[in-house]
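Listed here are the chains, written in short residue letters.
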Amino acid sequence: MTNSTRVSIIALDGPAASGKSTLGRKLADTLGYLFFDTGIMYRAITLIGLELDMNLQDEASITRLAQDTQIEIRPPSRDDGRAFDIMVGSKDITWDVRRGDVDANVSVVSAYAGVRKALSDQQRRIGLRGKVVMVGRDIGTVVLPEADLKIYLDASADERARRRYDELMARNEPANYDEILKKVIERDHIDSTRAVAPLRAADDAILIDSDKMDVEQVFNKVIALCK
Ligand code: CDP
């Protein structure tokens, strides 16, 4: 597969819980490419801000936090379903970045221009090395506009909330479908209406609506586009 594709930089964007991470990981594994989930970085800054009891509305302080925080992504040290370790200093935040309070606040933090600059500069540097599947909201539009293949993965809010609900249930975490749906809609609204790098499909992105497609069908469609 690796030899039969000339596609080196793959940008995968879309709204919350549209299946980007699952698809991105599978693509990266198949092609032997690096999988890079940029949402983790915004989640990490939000988590640390919450843990330090910072005022997340204070743009200047949160921007400094993003500039000063070293987020490290390493191969998985434990067999507990994680794809990688997310570390800040010696603290393992792999699962904490998925917490409900992070979900609820990450869109506020990720709307700050200074936070976006600090994080997307790092993302761009890594992406330009190539052989990468980079997942986010603004990869095809801002972080790597020169990507060889841009996919915008969408699904209805109902379907996306159902998937997130199933994920939480599978991890034995409390889940309420109506609450999840409300939060997914709220987060999409903030992400797509912010002034800097809003969530949107690049003009040259291929749009895939995964409402009536399973993981395998979406994967087959995208891998065919890589060849
Ligand atoms: O997994 P899920 O789709 O729910 O979210 P995520 O990809 O982990 O992203 C979490 C949040 O980070 C998003 O709702 C955006 O506010 C922000 N984000 C962003 O602004 N730009 C990116 N490239 C990636 C994430």
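Remember, it's a predicted structure, so these values are computed and weren't measured experimentally.

## What to know about the pattern of salt bridges
Here is step 1: Enumeration over the complete set of coordinates arrives at 23 salt bridges.
Here is step 2: Across the pair Arg-43 and Asp-103 runs a salt bridge, and its minimum N-O distance is 2.9 Å. With Arg-43 in helix α2 (residues 39–51) and Asp-103 in helix α4 (residues 100–109), this pair connects stretches of sequence that are 60 residues apart.
Here is step 3: Several salt bridges share partner residues, and in doing so they unite Glu-51, Lys-91, Arg-99 and Asp-101 into one network.

## Overview of the domain arrangement of the chain
Here is step 1: Annotation of the chain at the domain level lists domain 1 (7–33 + 131–227) and domain 2 (39–129).
Here is step 2: Between the C-alpha centres of domain 1 and domain 2 there is a distance of 18 Å.
Here is step 3: Roughly 1600 Å² of surface becomes buried between domain 1 and domain 2 when both sides are summed, with 55% attributable to carbon and sulfur atoms.
Here is step 4: For Asp-138, the salt bridge goes to Arg-116, with nearest N and O atoms at 2.8 Å.
Here is step 5: Applying the counting criterion to the domain 1 and domain 2 interface returns five residue pairs in polar contact (both at pLDDT 80 or more).
Here is step 6: In the side of domain 1 that touches domain 2, the residues fall into eleven nonpolar, no polar and nine charged.

## As for the site of the ligand
Here is step 1: With respect to spatial proximity, 19 residues lie near the ligand, and among them Arg-43, Ser-110, Arg-116, Arg-187 and Asp-191 are the closest.
Here is step 2: Within the contact set of the ligand, an oxygen atom lies 2.7 Å away from a side-chain nitrogen or oxygen of Arg-116.
Here is step 3: Contact between the ligand and Arg-164: an oxygen atom at 2.8 Å from a side-chain N or O atom of the residue.
Here is step 4: The fraction of the free accessible surface of the ligand (530 Å²) that becomes covered by protein chains is 98%.
Here is step 5: When contributions to the shell around the ligand are tallied by element, the ones reaching two or more residues are α2, α4 and α8 (177–193).
Here is step 6: If one sorts the elements of the shell around the ligand by residue count, α2 sits on top with three residues.
Here is step 7: Among the residues making up the shell around the ligand, the classes are represented as four nonpolar, five polar and ten charged.

Procedures and definitions
- Residues numbered from 1 in each chain as written.
- Predicted model: local features only at pLDDT ≥ 70, side-chain atom pairs only at ≥ 80, totals over all residues.
- Heavy atoms only, no water.
- Salt bridge = Lys/Arg side-chain N within 4 Å of Asp/Glu carboxyl O.
- Helix = DSSP H or I, 4+ residues; strand = E, 2+ residues; numbered from the N terminus.
- Domains from an automatic or database assignment.
- Buried area = accessible area lost by both parts, 1.4 Å probe.
- Polar contact = N/O pair within 3.5 Å; in protein donor to acceptor, adjacent residues only side chain to side chain.
- Nonpolar A, V, L, I, M, F, W, Y, C, P; charged D, E, K, R; others polar.
- Near = heavy atom within 4 Å.
- Areas by Shrake-Rupley, 256 points an atom, 1.4 Å probe, with all protein chains shown as cover.

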